[in-house]
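One-letter residues, chain by chain:
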Amino acid sequence: MTLFSSSQMEKRRSQDKRLSGDFTRDRENGNSTPRTRLDRDNIKSLDGLRGIACLLVFNYHFLWPWTSSIMLGYGAMLPQAPEPYRQWTSLPILCLWQRGRPMVAIFFAISGYVVSRHILRLIHQGRLEAAYQRLASAVFRRAFRLFIPPTISMFIVALLAQAGVFKSNEAIYQGPDSAYINGTVTNVTIGARCYNQTELVVGVTGLVDYMGWQDPWPIGNASIGLCVNSTSQLAGATSVYANAQLFEKKYARVLNDTTRLTRLQNHDYIPPYKGPAPLDIVNGTNITYGVPARWVEYGGMWEEHPLIHDNITYALANFTRVYAEWANTFTFNPYHPRYDPHTFTIPVEFRGSMIVYVFLLGTAAIKAKWRLMLAGFLSAYSLIFGRWDVATFMGGTLLSDMDIGHSSPSSGDTPLQRPVTDGMTSNRTGSRRSRCTGILLRWIAFVIALYLLSYPDAAAEWTPGFTFLAYLLPRYYHPIAGWSFYEAIGAVMLLPCILRSSVLCRALESRIPQYLGRISFSFYLVHGPVLHSLGFWIMPRLFERLDRLNAYVLGYFVCLSVSLYLSNWWRKHIDRWSTTVGKRVEQLLTV
């Protein structure tokens, strides 16, 4: 006995298709067959993935000023660091809950997949005229969609900064609150008496106890009086490369190896020290052949913060200059505006979309197999030569074209064999063993993708498990930007693993990921100003009154709640309206 009649079931399916945005296209194409996830233009699992990625970006920016763990990998032994960084939150894959840069790569891959999808479907159906019209409309409306909301948000931030909502840059990074952001730089010299705000400790054991080091590397055999001077300085994780060069040069002089001064390589330094340990006593008097011992415990990172000007006129003039620099899409150098540094991705998103549209314009009339080959070549070429953002956009377009090709038998080319998903256990050729093997390989690829996305933001050269990957990094990437190469690969690998897994799709199509996906653009624009205003006001006060963990937990939920509330308001009143501006302008100008 069925719960619904056939007419009721058909009505329910029609309603579902209207919600998915595919009903009109199905009616136009005369297609009455229910669509699978890969057949739709609006793929809910990718909306959920975008929402989860945006939440992880929030986590990353929330922790950015206060800790170096978000940028370092587990076990990293940095030059001049007293001990390895061994926080469980930095373990591969687990660290993704607090990593933001991998999520940016995922954003770009999703955009490449989505913005090209409907145009590619029209191309596969042989409807080139409709495809060109759709392409022209998409190009015209893209700038309105991407630039209107951040323009409004940054202008509001500029006004609020003048109104006193934001603390001054000096108060944050140079005032008393900077103690919670800065790292600790420790210098040690021999002395029976210590002067100039130094503390006397006895031997290496006394130094370790005084500094509270838990797992120090061998630092020497000194057992005499040591003068310790510890200062709070801005020392984010990215400063490791400057410290590494100073470290190498210092010990090059110690060992009289002048050649090392000219051959400082990016990946040649693995052990903690070369030559004597910093506190080895030689001839009873000197430390490390006369070189003072120095250690750096890395802290949080500096970030662009809104400036407060003397008058509103100069503030508006400065906003105009900053906005013009930020909105310049003709440069590949990312620009982080002080009014919201996180919006540096918007011009990159616009440029990547335009590259995809130009590619579709040039390849719409050629055979699908040649378009796939060209997309793959351009993605790989861009990745190797340093344009990882273009590689992710083109990689997403390649995946979208392949998926549409699998489900579009109406095109002139013979469609490829449809990919097997986790839910397809019947009416498919091949043995059960081959299906299980395909599913297993997909999950292995999923884990590999997550591992590549876990590539540390800094100091991968000194991080166990990533040193070899750092060695393989193409020469077009600076070591501090090595994350972009591997995370671009991981992002493109991740999409097909998710789209072909019914388990992951169902998880991403649940209520919370879908809600986050709906507000993702608003959330991305709102969370930065909230963290730079409310976050910098309350976090130092929480650190004063609570232990570090409880301060993080309470501050996180306060900032997240405010961000979500404002994001929901922004979506209703700004984001929805901005999506209609481009269409109305286009209709107004259409002949």
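Residues numbered from 1 in each chain as written. Predicted model: local features only at pLDDT ≥ 70, side-chain atom pairs only at ≥ 80, totals over all residues. Heavy atoms only, no water.

Peer 1: I'm lost on the environment of T238 in this one. Help?
Peer 2: Of note, T238 is situated in the loop between β3 (225-233) and α9 (240-254). You can call T238 partly exposed: its relative accessible area is 23%. Between the C-alpha atoms of T238 and A459, which are 221 residues apart in sequence, the distance is 7.7 Å. Apart from the residues lying within four places of it in its own chain, the contact partners of T238 are M71, M301, A458 and I480. (Helix = DSSP H or I, 4+ residues; strand = E, 2+ residues; numbered from the N terminus. Buried < 20%, exposed > 50% of the residue type's maximum accessible area, 1.4 Å probe, protein only. Contact = heavy atoms within 4.5 Å.)

Peer 1: Would you explain the packing of helix α3 (residues 44-63) against helix α20 (residues 548-589) in this entry?
Peer 2: In helix packing, the relevant descriptors are the interaxial angle and the interaxial distance, both defined with respect to the helix axes. As a packed pair, α3 and α20 sit with axes 11 Å apart at the nearest point and diverge in direction by 130°. As summarised for this structure, α3 and α20 are arranged oblique, according to the angle between their axes. For the pair α3 and α20, the sense of crossing is right-handed. Here L55, F58, N59, F62 and L63 of α3 come into contact with α20, specifically with Y552, G555, Y556, C559, L560 and S563. Among the residues making up the contact of α3 with α20, the classes are represented as eight nonpolar, three polar and no charged. (Axes fitted to C-alpha atoms, helices over the stretch in contact; angles between N-to-C directions. Parallel < 35°, antiparallel > 145°, perpendicular 65-115°, else oblique. Left-handed = near helix turned anticlockwise from the far one by under 90°. Nonpolar A, V, L, I, M, F, W, Y, C, P; charged D, E, K, R; others polar.)

Peer 1: Help me understand the pattern of salt bridges, please; the structure alone is not making it clear to me.
Peer 2: Where charged atoms from two side chains of opposite charge approach closely, those side chains can pair. Within this structure, the stated rule accounts for eleven salt bridges. Measuring nitrogen to oxygen at the nearest pair gives 3.6 Å for the salt bridge that ties R351 to D389. Here R351, found in helix α11 (residues 345-363), pairs with D389, found in helix α13 (residues 388-406); they are 38 residues apart in sequence, far enough to count as distant. In this structure R351 comes out as buried when scored by relative accessible area, which is 10%. One network of salt bridges, in which partners are shared, links K167, D177, R541, E544 and R545. (Salt bridge = Lys/Arg side-chain N within 4 Å of Asp/Glu carboxyl O.)

Peer 1: Honestly, the environment of H309 in this entry has me stumped. Any pointers?
Peer 2: You can see H309 is positioned in the loop between β6 (293-297) and α10 (312-326). With residues near it in sequence (within four places) discarded, H309 still touches Q162, Y314, A315, N318 and Y339. Within polar-contact distance, the side chain of H309 engages the side chain of N318 at 3.3 Å. (Polar contact = N/O pair within 3.5 Å; in protein donor to acceptor, adjacent residues only side chain to side chain.)

Peer 1: Help me out: how do you make sense of helix α19 (residues 520-545) in this one?
Peer 2: Counting along an α-helix, one turn takes 3.6 residues, and residues three or four places apart therefore face a common direction. Taking the largest bend as the criterion, α19 deviates by roughly 50°, centred on G535. Counting buried residues along α19, 20 of its 26 residues qualify, which places the element largely inside the surrounding structure. (Bend = angle between axes of the 7 residues up to and from the residue.)

Peer 1: What exactly am I supposed to notice about α3 here?
Peer 2: Taking 1.5 Å of rise per residue, the 20 residues of α3 would be expected to cover 28 Å, and the 29 Å separating its terminal C-alpha atoms lies within 8% of that figure. Burial of α3 is extensive: 15 of the 20 residues sit out of reach of the surface. (Expected span 1.5 Å × (residues − 1).)

Peer 1: Any chance you could explain the packing of helix α14 (residues 432-453) against helix α16 (residues 482-499) here in plain terms?
Peer 2: Two elements in contact, α14 and α16, have axes separated by 8 Å at closest approach and are oriented at 150°. Considered as vectors, α14 and α16 are oriented roughly antiparallel to each other. For the element pair α14 and α16, the recorded crossing hand is left-handed. Along the contact surface, α14 presents R442, A445, F446, I448, A449, L450, L452 and L453, while α16 presents Y486, E487, I489, G490, A491, M493, L494, C497 and I498. Broken down by class, the residue content of the contact of α14 with α16 amounts to 14 nonpolar, one polar and two charged.

Peer 1: Help me out: how do you make sense of the environment of N333 in this one?
Peer 2: Residue position: N333 is located in the loop between α10 and α11. A relative accessible area of 60% places N333 in the exposed class. When the C-alpha positions of N333 and F344 are compared, they lie 9.7 Å apart, and in sequence the two are eleven residues distant.

Peer 1: Whenever I open this one, the nonpolar core confuses me. Can you help?
Peer 2: If you look at soluble globular proteins, the nonpolar side chains tend to sit buried side by side. Counting residues in each nonpolar core, the largest one holds 130 residues, and the members touching the most others are F62, L78 and W388. Per element, the largest residue contribution to this core is eleven residues, and it comes from α19. When residues no more than four places from it in sequence are discounted, the contact partners of L78 are L72, Y85, V240, Y298 and A459. (Core = buried A, V, L, I, M, F, W, Y, C linked by side-chain atoms within 4.5 Å.)

Peer 1: Before we go on, may I ask you to explain the sheet that holds strand β1 (residues 183-190) in this structure?
Peer 2: Note: strands within a sheet are paired through backbone hydrogen bonds, in either parallel or antiparallel orientation. Taken together, the four strands give an open sheet; going across it, the order is β2-β3-β1-β6, and neighbouring strands pair in antiparallel fashion. Both outer strands of the open sheet, β2 (199-202) and β6, are each paired with one neighbouring strand and no more. Averaged over all neighbouring strand pairs, the angle between strand axes comes to 30°, with direction disregarded. Of the strands in this sheet, β1, β2, β3 and β6 are in contact with helix α8 (residues 203-211), which crosses β2 at around 125°. (Pairing = 2+ DSSP bridges.)

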